[in-house]
Every structure is written in structure tokens, then in C-alpha cells.
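A closer look at the structure
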Amino acid sequence: VDSLMDLFASSANALAIQLAHAAPDRSHPFGHAKIETLATAGQGLLIGGSGVYLLVEGVRRLLSPEPLRLAAVTLGAMAAAALVTAALVAYLGRVAARTGSSAIQADAVHYRTDIAANLAVFAGVAVTYATGFTRIDGVLSIAVAVYILASAGSLLRLGVRDLIDTSAPEDRVRAIEAALDAMRAAGEILGYHALRTRVAGHTLFVDVHIELPGDLRLARAHARSDRARDAILAVEPDAEVLVHIDVERDEPA
Ligand SMILES: [Zn+2]
Ligand SMILES: [Zn+2]
């Protein structure tokens, strides 16, 4: 909507992504991934704010339509900006899909809403010229505002989901269970329980208890736990895995 705000939002996002990938340190031993989550939620709020503004503007223009004041040169500049933005959105979408970065996804959503707002202005101008119906401007603004608010809502959901430690999607949890089931079928572990996953930005945290015979030597038991970790890493290469060893039937599954 406003290119100065765009610049600020994208810069803040880029900074957040960089900070989020910093190595764990003494005060943040689990890493900094949630900085990215915070940026995503923040961008959701920012986009939501522009949605509310557009909604109010739309209602205002619907109630008291104004004559067109846009010059052809303004429209030309907007068309150029929309094209550049569309290319940016396509690029960001690809990067987000490759990295699973919620902040980059947030950036892509943000620019998509900008394009929608621009298109609405074009359509408004075109319809007004063709029909002289000046209220269309307000109607389109309200429609775009609804779209923007929905986008902002999905970004907020994405950010909040991570902040409240939501588990990985069901299919990814099933893949981890399948890897551990295969170890049990091969007789490497007697069983497992307390499998927990949580998503934090680009990192998936996994912890699980494996059950081993009580008379197994520590060195061998530890090797089994390392194999369980490797089996999980085989399906979730970027995961942080913690395996706890339980003695068989020591506690209820
Ligand atoms: Zn246990
Ligand atoms: Zn170890």
C-alpha cells in the first residue's frame, strides 16, 4: 500500500530471518528460530492495520464518492510497480517453498495484498470512466480490505501457531512414527512412547522415549538411541532430536 512501509517491513523481515538463523548461544540454547515467528505475526498485524485503514477509506468513499483525480502518469507508475511486485511475489513464493520460512511467506502475502490493492484502483478507474459510477471505488476498496484482512489473519495464525508450540503437521508426525515403527519391527528397540514435536520457525524439535532391554550395556543402548535419532533425521533432516532411553516396561506406554 505504501512503499515506505513496504521497505520497512521487508527490511525488518530480512533482519529477523538473519537473526533467526544465528547459532544457539548461552542465553538462547534452543536457538533463535522464534524471532522469525515473531516477525511473521508482526507482519500479520501490520497488514491487518492497512486492511482496517482501507476498509474505513472504502466505506468513506462509498458514502461520499469523490471525482477521479488520478493522472495517467500515476496509473503508469502504479502499473510498473505492480509488475515489479508481481515478479517479487513469484520469487518470494519460490524461496518460501524451498526454505519453509514463515517470514518469507509473510513477505509474499504482504506483496500479494499490495497487488490486489493496485488492481482494485485500476478496476475502479476503468469502471468509473466507462460508466460514471463513482461509488465503485469504495466498493472495490472494501472488497480488497476484506481480502487483506483475511491474509493478515492467516499470517497471524501462522505466527501464533508456532508461538504456542503446535506440533508438526500430522503427515510429518506419521513419517517419524513410521521410522520408529521400522526400528521396532527390526528388533532394534522394544517400543517407544512420549513422541512430541513442535515447530519453531525453520526448526522442528522432536523428542521421544525409546524402550530397551534392562540388561543392555550402556554403550550399546546409547548406540541404539543414536540410531533412533538418525532414523528421525532421515525423514526430518533439519530437526533437533532428543532421545530418552527407558528400560522395558519401566513405565506405562
Ligand atoms: Zn518414558
Ligand atoms: Zn548421545
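Residues numbered from 1 in each chain as written. Chains lettered and ligands numbered in written order. Predicted model: local features only at pLDDT ≥ 70, side-chain atom pairs only at ≥ 80, totals over all residues. Heavy atoms only, no water.

All right, on to a nonpolar patch on the surface then. A contiguous nonpolar surface patch, about 370 Å² in accessible area, is contributed by Leu38, Val160, Leu163 and Ile164. Assessed through its relative accessible area of 60%, Ile164 is described here as exposed. (Patch = residues over 30% accessible without salt bridge, like charges linked within 9 Å, V, L, I, M, F, W, Y side chains within 5 Å. Areas by Shrake-Rupley, 256 points an atom, 1.4 Å probe, with all protein chains shown as cover. Salt bridge = Lys/Arg side-chain N within 4 Å of Asp/Glu carboxyl O. Buried < 20%, exposed > 50% of the residue type's maximum accessible area, 1.4 Å probe, protein only.)

Moving on, we get to the packing of helix H6 (residues 170–185) against helix H7 (residues 218–235). The N-to-C vectors of H6 and H7 enclose an angle of 145 degrees; their axes lie 9 Å apart at closest approach. In terms of crossing hand, the pair formed by H6 and H7 is right-handed. In contact with Ala175, Ile176, Ala179, Leu180 and Met183 of H6, H7 contributes Arg224, Arg227, Ala228, Ala231, Ile232 and Val235. In terms of residue class, the contact of H6 with H7 is made up of nine nonpolar, no polar and two charged. (Axes fitted to C-alpha atoms, helices over the stretch in contact; angles between N-to-C directions. Helix = DSSP H or I, 4+ residues; strand = E, 2+ residues; numbered from the N terminus. Left-handed = near helix turned anticlockwise from the far one by under 90°. Contact = heavy atoms within 4.5 Å. Nonpolar A, V, L, I, M, F, W, Y, C, P; charged D, E, K, R; others polar.)

Quick look at unusual backbone geometry now. You will see that Asp165, though not glycine, has its phi angle at about 55 degrees, which is positive. As for its placement among the helices and strands, Asp165 is situated in the loop between helix H5 (136–163) and H6. Even without being a glycine, Ala194 presents a positive backbone phi close to 55 degrees. Counting through the fold element by element, Ala194 comes out in strand S1 (residues 191–200). Given a relative accessible area of 37%, Ala194 falls into the partly exposed group.

Of the strand pairs in this sheet, strand S2 (residues 203–212) and strand S3 (residues 239–247) are connected by nine bridges, and their pairing is parallel. Pairing of Glu211 across the sheet is with Asp246, part of S3. Taken together, S2, H7 and S3 form a β-α-β motif whose crossover is right-handed. (Pairing = 2+ DSSP bridges. Right-handed = clockwise from strand over helix to strand, strands pointing away.)

Our focus in this paragraph is the nonpolar core. Residues Leu180, Leu204, Val206, Ile210 and Ile232 are the most contacted members of the largest nonpolar core, which totals 22 residues. For this core, the secondary-structure elements that each account for two or more residues are H6, S1, S2, H7 and S3. The residues contacting Leu180, other than those within four sequence positions of it, are Ile189, Tyr192, Val208, Ala228 and Ile232. Of all hydrophobic cores here, the second largest spans 12 residues; its members include Ile47, Leu54, Ala120 and Ala145. (Core = buried A, V, L, I, M, F, W, Y, C linked by side-chain atoms within 4.5 Å.)

On to the packing of helix H2 (residues 34–63) against H5. For the pair H2 and H5, the least separation of the axes is 7 Å and the interaxial angle reads 160 degrees. As summarised for this structure, H2 and H5 are arranged roughly antiparallel, according to the angle between their axes. The two elements H2 and H5 cross, and the hand of that crossing is left-handed. Residues belonging to the contact of H2 with H5 are distributed by class as follows: 20 nonpolar, 11 polar and four charged. (Parallel < 35°, antiparallel > 145°, perpendicular 65-115°, else oblique.)

We now examine the UniProt feature "domain: Cation efflux protein cytoplasmic" (unreviewed entry) in the protein chain. With numbering aligned to this structure, UniProt lists the feature "domain: Cation efflux protein cytoplasmic" (unreviewed entry) at residues 170–246. For residues 170–246, helix accounts for 44% and strand for 36%, while the C-alpha atoms at its two ends are 25 Å apart. (UniProt positions renumbered as here; feature names shortened; annotations may be inferred.)

With that out of the way, let us pick up the sheet that holds S3. The strand order S1-S2-S3 describes an open sheet built from three strands, whose pairing is mixed. The sheet terminates laterally at S1 and S3, the two strands that pair on one side only. Strand after strand, the sheet turns through a mean of 10 degrees between neighbouring axes, direction not considered. Strands in contact with H7 are S2 and S3; relative to S3, the strand with the most contacts, it is inclined by about 145 degrees.

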